[in-house]
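Residue-level listing of the chains:
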Amino acid sequence: MIIGIDLGTTNSLVSVFGENGPELIPNSLGSYLTPSAVFFDKSGNSIVGESAKNHLVTNGDSSTSKFKRLMGTNQLTNIARKNMRPEDLSALVLRSLKSDAEAYLGCAVEKAVISVPAYFNDIQRKATVAAAEIAGLSVERLINEPTAAALAYGLHDKDGEDTFLVVDLGGGTFDVSILEMFSGVMEVRSSAGDAFLGGEDFTDRIVEYFCEKMDLVSDKMLAEDLSRLRLVADRAKIMLCDEMTANVSYRNGEEEVALSISRDKLESISKDLINRTKIPLQRAISDAGLTASEIDRIVLVGGATRMILVRNLITRLFKRFPEHELDPDTVVALGAAVQAGLISRNAALEDMVMTDVCPFTLGYETSRQTLGHEQFEHGIFSPLIERNTTIPVSRNHIVTAMQKGQKEIDIRVFQGEAPYVRDNIKIGSYKISLPYNMKEHEEVDIRFTYDSSGVLEVISTVVSTGKESKLIIEGNPGTLTGKEIEKRFKELEKIKVHPRDEAQNEALIARISAAYENALGERRSAISSLLSEFEHALASFDKRRIEEVRSVVEERLQYLEASNAFD
Ligand SMILES: Nc1ncnc2c1ncn2[C@@H]1O[C@H](COP(=O)(O)OP(=O)(O)OP(=O)(O)O)[C@@H](O)[C@H]1O
Ligand SMILES: [Mg+2]
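Just so it is clear, the model here is predicted, and its values are computed rather than measured.

Caption draft 1: Quick peek at the side chain of Thr305. Summarising the element assignment, Thr305 is placed in the loop between strand E17 (297–301) and helix H9 (308–318). Under the relative-accessibility criterion, Thr305 is labelled buried at 0%. In this structure the side chain of Thr305 is engaged in a polar contact, spanning 2.7 Å, whose partner is the backbone oxygen of Gly302. Discounting chain neighbours no more than four positions away, the residues touching Thr305 are Val167, Leu169, Leu300, Val310, Arg311 and Pro328.

Caption draft 2: How the structure looks around the sheet that holds strand E5 (residues 37–40). Taken in spatial order, the three strands make up an open sheet running E6-E5-E7, and their pairing is antiparallel. The sheet is open, and its two borders are formed by strand E6 (46–48) and strand E7 (63–65), each paired with just one other strand. Pairs of neighbouring strands in the sheet enclose a mean axial angle of 20°, with direction left out of account.

Caption draft 3: Looking closely at the pattern of salt bridges. One pass over the full model with this rule turns up 30 salt bridges. With a closest N to O distance of 2.3 Å, Glu180 and Arg189 form a salt bridge. When its relative accessible area of 22% is taken as the criterion, Glu180 is described as partly exposed. Of the charged contacts in the structure, one is a salt bridge between Asp423 and Arg422, with a shortest N-O distance of 3.9 Å. For Arg422, a relative accessible area of 64% translates into the label exposed.

Caption draft 4: Quick look at the packing of aromatic side chains. A complete count under the given rule lists four aromatic pairs for this structure. Ring geometry for Tyr119 against Phe360: centres 5.7 Å apart, planes inclined by 75°, an arrangement best described as edge-to-face. Within this pair, whereas Tyr119 is found in the loop between strand E10 (111–116) and helix H3 (122–134), its partner Phe360 is found in the loop between strand E18 (353–358) and strand E19 (362–369), the two being separated by 241 residues in sequence. For the pair Tyr119 and Phe360, one class covers both residues: buried. Arranged with centres 6.0 Å apart and planes meeting at 40°, the rings of Tyr209 and Phe210 form a pair that is tilted.

Conventions we followed
- Residues numbered from 1 in each chain as written.
- Chains lettered and ligands numbered in written order.
- Predicted model: local features only at pLDDT ≥ 70, side-chain atom pairs only at ≥ 80, totals over all residues.
- Heavy atoms only, no water.
- Helix = DSSP H or I, 4+ residues; strand = E, 2+ residues; numbered from the N terminus.
- Buried < 20%, exposed > 50% of the residue type's maximum accessible area, 1.4 Å probe, protein only.
- Polar contact = N/O pair within 3.5 Å; in protein donor to acceptor, adjacent residues only side chain to side chain.
- Contact = heavy atoms within 4.5 Å.
- Pairing = 2+ DSSP bridges.
- Axes fitted to C-alpha atoms, helices over the stretch in contact; angles between N-to-C directions.
- Salt bridge = Lys/Arg side-chain N within 4 Å of Asp/Glu carboxyl O.
- Phe/Tyr/Trp six-rings, centres within 6.5 Å; stacked < 30°, edge-to-face > 60°.

Listed below in structure tokens is the structure:
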């Protein structure tokens, strides 16, 4: 059994290709969306999801989120006195999704298709594969998020013959893809994106705006207070989808402050973010050799495309309304399940074919002799696989040694669109030893193979001897070796998961505590009595009573969370 996973910056989902097509799998709280947040309780057990998200407000030292943005780096997060890599934190989320799938399917799960932003680079992709391995999952395929969304749409409308534009603005990443679809065959024509642009950046802007109003400096705030302000800002951002102005309140010390923001204000404080979305949109269209009017359908994916200013931008640029037949929150996970179905050759998908592209250029560093001089200019980028080439793809170049007696050639691999390597991203490097008695122009064949998951392999062969060497990215910042993965797998195995049957109760307590933090006066005491009512029920150990009280408390809490002191 292969599961599909959408490992998001803010929310993650798990799915499977069942008898009736792709299905979403609920978590232990009965919800399809699991916030990508991790919390460690006092006994060191891990909790992932809604509850961990609320703990960000009450236990900042023991909880964390948004670590997808750190994937591919060596940045450690200190949490509950442990130093964790982004792969470890992602692995905890993956492990939680794996166990939700196992509970739902009633069997062990070891294989997964995981979606990644199309614009994730090679290091970020390898980090995602490592995270899965640490969680005890083997990755059957990485699928680009907009491609997954298109697969879900394609299955939905099998006989369509259209050119699609998929715009995916999630919590932390922005991807654009153009696809052509005809009788079950889906071809990605181009992809472009920004791996560091998402809905969370708009929330940050609102946080800064609110800070300014309260004379606060976000960098100097306590982690817990900042998380609480973020929750308030996020709520305001979501309210602006239905209302012209959002009114929220924030407890600043011993004072409850009324905060408001209008749609126009949000637009003016995030102009540069909106402008940044235009760049990948334009590039994807021109790389596909199309004009805006040649696009038949526009599909919006990712929670942040619910923002009115994003919808307005798309409508203005393309002079038509985008569609959202499928839920933008779940469509990537559904597509990952379709890909899992394709890999396991599910009969229902027999006539479906999908091809994808490599969204960026991959190449290596070379030097060239400057005209008329005996000097060399270094740092030149030589592309080997050009962006938007259909994958899998394998390409080679022959390079020659520059000098007689040269002992080795340094191969440095880069990704990017700039003519000089200094402006591109370094993927890795290695040295090829040349034969002792080498000829004047010893040749080396360099081959790049980019597989269907978007993972790069580089092999070089000394032509005269046939000696092969492989680029091993070990020691490169942000990449774990096989040994390290094994070690972290064992470490993670030691971390116990908070008992599943207590998940709902634990989550509610975390939510009440977070709401309590942000209230004062009467609202605070109302929230406090909810807490004691629920704790009383828990102490009774009477399952039915607990369930009854839980649903009453949830309802009252929802009302209290939505209201504020200034309504
Ligand atoms: N109604 C809404 N209005 C505005 N923003 C919203 C709304 N609903 C969700 N969002 C925002 O969407 C983002 C989350 O979207 P989504 O769940 O698609 O992201 P993700 O898959 O976790 O991230 P990524 O794909 O970038 O890794 C958050 O920033 C959230 O605040
Ligand atoms: Mg997403």
